[in-house]
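As a plain string of letters, each chain reads:
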Amino acid sequence: MLSIRNLGIRYGQIDAVRNINFDVNDGEIVCLIGANGAGKTSTLCAIMGLVPIANGSIEFSGTDLGGMPTEKIVRMGISLIPEGRRIFSRLSVEKNLLLGGITIQDDDVQSMIGEMYSRFPILKERCNQLAGTLSGGEQQMLAVARSLMSKPKMLLMDEPSLGLAPMLVKSNFDLICRLRDEGNTILLVEQNVNQSLRITDRAYIIENGELVASGSGSELMESDFVRNSYLGITDSK
Amino acid sequence: MEIAIQYITNALSVGGTYALLALGLAIVFGILGFINFAHGEIMTICGYVLFYAMAIGLPFWFAIIIGVIMAGVAAVIMERIAFRPLRGANPMSLLIAGFALSGALQISFLVFLGERPKPVPMPEYFTGAIKIGGIYIGVVQVISIAVTIVAVFALNLFLKRTKFGISLLAAAEDFSIARLMGIRANAIFSGTFAISGLLAGIAGVLWLAQRGSVSYTMGFTPLIKAFIATIIGGMGSLTGAVLGGFLLGALEIVFQIILPSEQLIFRDPIVLFFLIAVLLFRPGGLIQEKKESMR
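Residues numbered from 1 in each chain as written. Chains lettered and ligands numbered in written order. Predicted model: local features only at pLDDT ≥ 70, side-chain atom pairs only at ≥ 80, totals over all residues.

## Description of the packing of helix H6 (residues 139–161) of chain B against helix H7 (residues 163–173) of chain B
All names here are of chain B.
- Interhelical geometry of H6 versus H7 gives an angle of 85° and a closest axis separation of 5 Å. It follows from the interaxial angle that H6 and H7 lie roughly perpendicular. Every residue of H7 that contacts H6 at Phe 158, Leu 159, Lys 160 and Arg 161 is listed here: Gly 165, Leu 168 and Leu 169.
- A class-by-class count of the residues in the contact of H6 with H7 yields four nonpolar, one polar and two charged. (Axes fitted to C-alpha atoms, helices over the stretch in contact; angles between N-to-C directions. Helix = DSSP H or I, 4+ residues; strand = E, 2+ residues; numbered from the N terminus. Parallel < 35°, antiparallel > 145°, perpendicular 65-115°, else oblique. Contact = placed C-beta atoms within 7 Å. Nonpolar A, V, L, I, M, F, W, Y, C, P; charged D, E, K, R; others polar.)

If you want it as structure tokens, here you go:
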């Protein structure tokens, strides 16, 4: 569905991402893992057209996304849940959802909002409240619901568990699994390596803008490199 | 009592004109992050359109409608030609583009339309006074206040109730996230300038109604006043712009009254002194809005 070839992203003189290759197939969860500044968010921003790509290509369902404006990429069926949620805090919950559905038919908007309310009943209770007054967990739900409003073919999630209480982190990963089971395709960026590897179909590890390892979730869980560097497990042999 | 009410209506009508202009500046600043220094020239364009429309014999009200619409169109064209090519540039570049545009327009007015102010005669029923509860009040003042209230109310309704208005509010809060929703950036740019231009057009008509003629420098003073009002109100805040406009108008009328006539030339410096005092206590203006950086 999404295929990225030799992707390079440059900010001035600095290479943020160098020659990255990966694929996301229909119905998969694929996870990008890496430390702060490794280039994960840059990669997601490049897919959405928010930052220009320096070289390489990004293809979605056979269409080259290079140079396409963000609003057109959204209409192709990709939706990003940004890091830090970035809901419109000065607008009501319902207006946030309305904006999420700005690309779909007017007749569909109300039924989609209804669907989101039955999925997240707490949002219905808070529908007229300003989104900025929601708790962190509720804001996360709103961010997910807002993205789903556009009926995306593919969801990009940038560190959805960042800043959530441990209990909410668990329900957040449950939600991601549920979304996949419903047939969504998900590209997940996470720093919670342990949890991510458990749910992901495949994962790619990025260090300093380059891919250093890839494999299925369980393969990577077993690999010494990942266990030492990302899971903090040292085997005494 | 009668005098007091006349002064209050004066303050409200002057403040209302400033408020409409300041709203136009603030909506562009709030959404696109820069001050359009060619905003005053949109007013001037409205004035010239009004003059020529009446010169060819169009009825007064029809001329006003054309003038205001042309102000909106001029603002959209302005954005398309001068600001859109600079999208994503440093706000300083946009500021300078605005100054350049303002200068170029003023010189063009001077060269092509002449140096002499052109009279825009108001109909008689406009210049008279009406009696409300035994007190005479200028019709122009009453109309100015009413128009300001209607315009602010309509803008509020548009921003809160229509899909496009809500998109503009979203873009004001977080432009790149608004684009991630699929809101077209170009539509935001054009829409913002259209609203800003229409407000400048309405303010232009009110300004002319009190002064009676249009010249190539007409936009300069009101632009400065509106700029002051947006700073006092809080950059980018629409409510703040309206408050700032009315505060500025009220202070001007107050000092107009209490200063002896030989010291009236000190009115503006004294008003500015007061507004600087406001900023000492509230450096961000009366209403401060948190804003995500624009990408």
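Having seen it, we continue.
## Considering the interface of chain A and chain B
- Contacts between the two partners involve 19 residues from chain A and, on the opposite side, 16 residues from chain B.
- Those elements that place two or more of their residues in the side of chain A that touches chain B are helix H2 (70–76) and helix H3 (93–100) of chain A.
- Here the side of chain A that touches chain B is built from residues that sort into 10 nonpolar, four polar and five charged.

## A look at the domain arrangement of chain A
Residues and elements named next belong to chain A.
- Domain parsing of chain A yields domain 1 (1–77 + 153–237) and domain 2 (86–151).
- Just the C-alpha atoms count here: the centres of domain 1 and domain 2 sit 25 Å apart.
- Contact residues are listed per partner, giving nine residues for domain 1 and seven residues for domain 2.
- Among the elements of the structure, H2 and helix H7 (166–181) are those that each provide at least two residues to the side of domain 1 that touches domain 2.
- Counting residues per element, the side of domain 1 that touches domain 2 draws most heavily on H7, which supplies three residues.
- Each residue belonging to the side of domain 1 that touches domain 2 can be placed in one class, and the counts come to six nonpolar, two polar and one charged. (Domains from an automatic or database assignment.)

## Regarding the environment of B:Pro283
- Considering the arrangement of structural elements, one finds B:Pro283 in the segment after helix H12 (267–281).
- B:Pro283 sits 51 residues away from B:Ile232 along the chain, and the two C-alpha atoms are 8.7 Å apart.

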